[in-house]
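Structure assessment
Spelled out, the chains give:
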Amino acid sequence: MTALNPTDDPAYHLFQQRFGALRRVRQTETILTFAVIILLSVIAAAWTDFLPAKIADGIPRIGEYFGKLFSIQPKRGADPIPVLALPHLFGGVKQPQSIAYWFYRIDVYLALLWQTVQMAILSTAIGFGAAFMLSFPATRSFVGSRIIVFGTRRCLELMRTIPQVVLAFILVWPFGIGPLAGIIAIAIHTTGTLGKLFCELNENADSAPIDGIRSAGGSWLAQMRLGVVPQMMSGFLSHALLRFEINVRSSTIIGFVGAGGIGQELKRVIGFNIYEEVSAIVILILLIVVAIDLASEQIRHRFIGAMA
Amino acid sequence: MLELVDLSRRFGDRAALQDASLSIADGEMIGIIGRSGAGKSTLLRLINRLIDPSAGKILSGSTDVTALRGKELRAWRARTAMIFQQFNLVTRLDVLTNVMCGRLYDMPAPRVLLKWFTPTERALAIRALDRLGMAEVAMNRADALSGGQQQRVAIARALMQQPKILLADEPIASLDPLNAKLVMDALADINRRDGITVLTNLHTLDTARAYCRRIIGMAAGRIVFDGAPEALTEPALREIYGQPGQETLDERITSTSLAAAAIAALAG
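Residues numbered from 1 in each chain as written. Chains lettered and ligands numbered in written order. Predicted model: local features only at pLDDT ≥ 70, side-chain atom pairs only at ≥ 80, totals over all residues. Heavy atoms only, no water.

Quick word on the overall build of chain B
Counting its regular elements, chain B contains 10 helices and 10 strands. Taken over the C-alpha trace, chain B has a radius of gyration of 19 Å; the compact-globule value for 268 residues is 18 Å, and the two agree within 12%. The principal-axis extents of the C-alpha atoms in chain B amount to approximately 60 × 45 × 35 Å. The buried share of chain B, taken over its 268 residues, is 52%. Here chain B has roughly 11,900 Å² of accessible surface; of this, 53% comes from carbon and sulfur atoms. Measuring between centres, the 33 positive side-chain charges of chain B sit 6 Å from its 29 negative side-chain charges. (Helix = DSSP H or I, 4+ residues; strand = E, 2+ residues; numbered from the N terminus. Rg over C-alpha atoms; globule rule 2.2 N^0.38 Å. Buried < 20%, exposed > 50% of the residue type's maximum accessible area, 1.4 Å probe, protein only. Areas by Shrake-Rupley, 256 points an atom, 1.4 Å probe, with all protein chains shown as cover. Lys, Arg positive; Asp, Glu negative; His and termini not counted. Charge placed at Lys NZ, Arg CZ, Asp CG, Glu CD.)

Here's the deal with the sheet that holds strand S8 (residues 197–201) of chain B
In sheet architecture, strand pairing relies on hydrogen bonds along the backbone and comes in two forms, parallel and antiparallel. Residue and element names in this part refer to chain B. Across the sheet, which stays open at both edges, the six strands sit in the order S6-S7-S8-S3-S9-S10 with mixed pairing between neighbours. With partners counted over all chains shown, the strands left at the sheet margins are strand S6 (80–83) and strand S10 (222–227), one partner each. Recorded for the sheet is a direction-independent mean angle of 20° between the axes of neighbouring strands. With four bridges connecting them, strand S7 (residues 165–168) and S8 associate as parallel partners. By the bridge assignment for S8, Leu167 is matched with Leu199. (Pairing = 2+ DSSP bridges. Axes fitted to C-alpha atoms, helices over the stretch in contact; angles between N-to-C directions.)

Some points on a nonpolar patch on the surface
All names here are of chain A. A surface patch of nonpolar side chains, amounting to about 590 Å² of accessible area, comprises Val36, Leu39, Leu40, Ile43 and Trp47. Looking at the element boundaries, Leu39 is found in helix H1 (residues 10–47). Overall, the relative accessible area of 54% leaves Leu39 in the exposed class. (Patch = residues over 30% accessible without salt bridge, like charges linked within 9 Å, V, L, I, M, F, W, Y side chains within 5 Å. Salt bridge = Lys/Arg side-chain N within 4 Å of Asp/Glu carboxyl O.)

Describing the interface of chain A and chain B
At the interface, 19 residues of chain A touch 26 residues of chain B. Carbon and sulfur atoms supply 60% of the area buried between chain A and chain B, which totals about 2,000 Å² over both sides. Looking at the side of chain A facing chain B, the largest losses of area belong to Ser215, Arg225 and Leu226 of chain A, adding up to 28% of the total buried there. There are one salt bridge connecting chain A and chain B. With a closest N to O distance of 3.5 Å, Asp211 of chain A and Arg45 of chain B form a salt bridge. At the junction of chain A and chain B, the tally comes to five residue pairs in polar contact (both at pLDDT 80 or more). Breaking the side of chain A that touches chain B down by element, the ones donating at least two residues are helix H10 (207–215) and helix H11 (220–253) of chain A. Considering only residue class, the side of chain A that touches chain B consists of nine nonpolar, seven polar and three charged. (Contact = heavy atoms within 4.5 Å. Buried area = accessible area lost by both parts, 1.4 Å probe. Polar contact = N/O pair within 3.5 Å; in protein donor to acceptor, adjacent residues only side chain to side chain. Nonpolar A, V, L, I, M, F, W, Y, C, P; charged D, E, K, R; others polar.)

A short note on the pairing of S6 of chain B
Residue and element names in this part refer to chain B. Residues Thr80 and Met82 line one face of S6 and the alternating positions Ala81 and Ile83 line the opposite face, and both faces are buried. Sheet topology note: the S6/S7 ladder contains four bridges and is parallel. Along S7, the bridge assignment pairs Met82 with Leu167.

What to know about the pattern of salt bridges
All names here are of chain A. Taken as a whole and judged by the stated rule, the model has 23 salt bridges over all chains. The salt bridge partner of Arg249 is Asp293, with a shortest N-O separation of 3.1 Å. Taken as a pair, Arg249 in helix H11 and Asp293 in helix H13 (residues 275–307) lie far apart in primary sequence, 44 residues in all. Residues joined in a network through salt bridges with shared partners are Arg105, Glu265, Arg268 and Glu277.

A closer look at the sheet that holds strand S2 (residues 14–24) of chain B
Residue and element names in this part refer to chain B. Read from one edge to the other, the open sheet built from four strands follows the order S2-S1-S4-S5, with strand pairing classed as antiparallel. What marks the edges here is a single partner per strand, and that holds for S2 and strand S5 (63–64). Here seven bridges tie strand S1 (residues 2–11) to S2, and the two strands are oriented antiparallel to one another. Paired with Leu7 across the two strands is Ala20, which belongs to S2. Strands in contact with helix H1 (residues 40–48) are S1, S2 and strand S4 (55–60); relative to S1, the strand with the most contacts, it is inclined by about 115°.

With respect to the side chain of Asn202 of chain A
Residue and element names in this part refer to chain A. Residue position: Asn202 is located in helix H9 (residues 179–203). A polar contact is formed between the side chain of Asn202 and the side chain of Ser135, at a distance of 3.3 Å. Setting aside residues up to four positions removed in sequence, Asn202 forms contacts with Ser135, Phe136, Thr139, Ser141, Phe142, Val228, Met232 and Phe236.

Some words on the packing of helix H8 (residues 164–175) of chain A against H9 of chain A
Residue and element names in this part refer to chain A. Two elements in contact, H8 and H9, have axes separated by 8 Å at closest approach and are oriented at 140°. Considering their axes alone, H8 and H9 lie oblique with respect to each other. In terms of crossing hand, the pair formed by H8 and H9 is right-handed. Every residue of H9 that contacts H8 at Gln164, Leu167, Ala168, Leu171, Val172 and Phe175 is listed here: Leu180, Ala181, Ile184, Ala185, Ile186, Ile188 and His189. Partitioning the contact of H8 with H9 into residue classes produces 11 nonpolar, two polar and no charged. (Parallel < 35°, antiparallel > 145°, perpendicular 65-115°, else oblique. Left-handed = near helix turned anticlockwise from the far one by under 90°.)

Notes on the confidence of the model for chain B
For chain B, per-residue confidence averages 87 on the pLDDT scale, and residues scoring 70 or more make up 90% of the total. We note a pTM of 0.80 for the whole complex and an ipTM of 0.87 for its interfaces. (pLDDT = per-residue confidence, 0-100.)

A word on the packing of helix H6 (residues 106–135) of chain A against H11 of chain A
Residues and elements named next belong to chain A. H11 packs onto H6 with a crossing angle of 145° between their chain directions and a minimal axis gap of 9 Å. In this structure, the crossing between H6 and H11 has a hand that is right-handed. Together, Thr116, Val117, Met119, Ala120, Ile121, Ser123, Thr124, Phe128, Phe132 and Ser135 of H6 and Val229, Met233, Phe236, Leu237, Ala240, Phe244, Asn247, Val248, Ser251 and Thr252 of H11 make up the contact between the two elements. Considering only residue class, the contact of H6 with H11 consists of 13 nonpolar, seven polar and no charged.

Right, dumping it as structure tokens:
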């Protein structure tokens, strides 16, 4: 008996034929799909002025803002003074381009930054609570009634589809200018996004403990509280911390429509073209956002490690 | 006295259980045997009302169990405690809390939300665990236990429900032989000492013969055998386990015992 070379097997040739045909069909599909995507991208770029020539024109000017920032406006015919020079950097409040000159309103900024962080904490906490409660009736595998699932889901969708800034702008009318409108706006958006994420986590819940509680006569509430929540809590909190980081950034921007925090001040100084103050605020925002991101990441990882 | 009258359950167009009629006296220990998909699990889940029947009735004394709703339904579920192949504990919670979950059926909602159990409930739970030799791991998280230990915690939870009937769905299918024996002995003890009716699905015939005075055989959603283990002759077994065209059936192929399986392999 001689060993048959595997490629001489007629079954192999038949397989090769069919496999080849199938692959040609798949390749054609892939090429067509990509062609359509590229065509649509080109049309979109043309409509939105995303043109190579414009980008090339703009790139050399990116540094312009910093050029203005690092120089005094030559209003009275004086030469621009580079800002990062030791002789004047540690000068007093009256010395242009000194740190003290830049940050002469640091007390106001810090108070506003603290307000911004508080806005983020409050809105995340409120949004977490609401999303937590709404995620259970929004989960198909937990609820028999299609109407309840449908209703809750559309409700969550509505909350996250309205842009936060628009929502804050609307809420500034009834609640007045200040952080309250911003907190409510971010809390509503947080409810919508976290609710959706929690709901997705819930869909993957292990049904064994839920069945266990149900078979022992536990009510729907008991099934959720003891069958679902223990498996889901670490995932929920991890998502909430990530959302908190996002909300710190959101709450700086939301002030632009008068909804409190550092953003409101940032908009004012931008409006007056006070470059030093704009830069001071932007630097402070960057610092606080990076600090909170780092801290939150640490907590999140420790959390996942402890709960996994 | 539990009575099933022409009980049927369909999943889509597949009949998982067809016209099952049974009469079960208080305090019986019954083994249900049959191939996978024969409807054994469906039968137990129907009795516990985890799923609803498509047709037929379940009667307990003069109560129509199939008509129970709300609080009464939950009380019925508590009285017909279930044990699962995969234990179905809340693995992220400690053992004691898992056992106390057997009391959820009559706990007010605020206590459920706060996981607030009374000293009496804690004492009962510890006693149930102690009976199964599991008291010293009461504060461990359930997922830190072995399969055999988890199943005994599940039995403690079932006892906590103070049931009249215990429904065990393949309680030993995921366990090693030693733990399987511990679990089956515990079920037999509960049946004998507490007078609790035990209905257990088993996929090994020798276990059913060793522990049960009455055996129910199921095939393709129907009850095809109901009688004492001695009455399980070869024709009866072929009806339960056999495939069409298969001439003989070696009983030892359903055994978990290594020796028997080895003999069967040698003989075959």
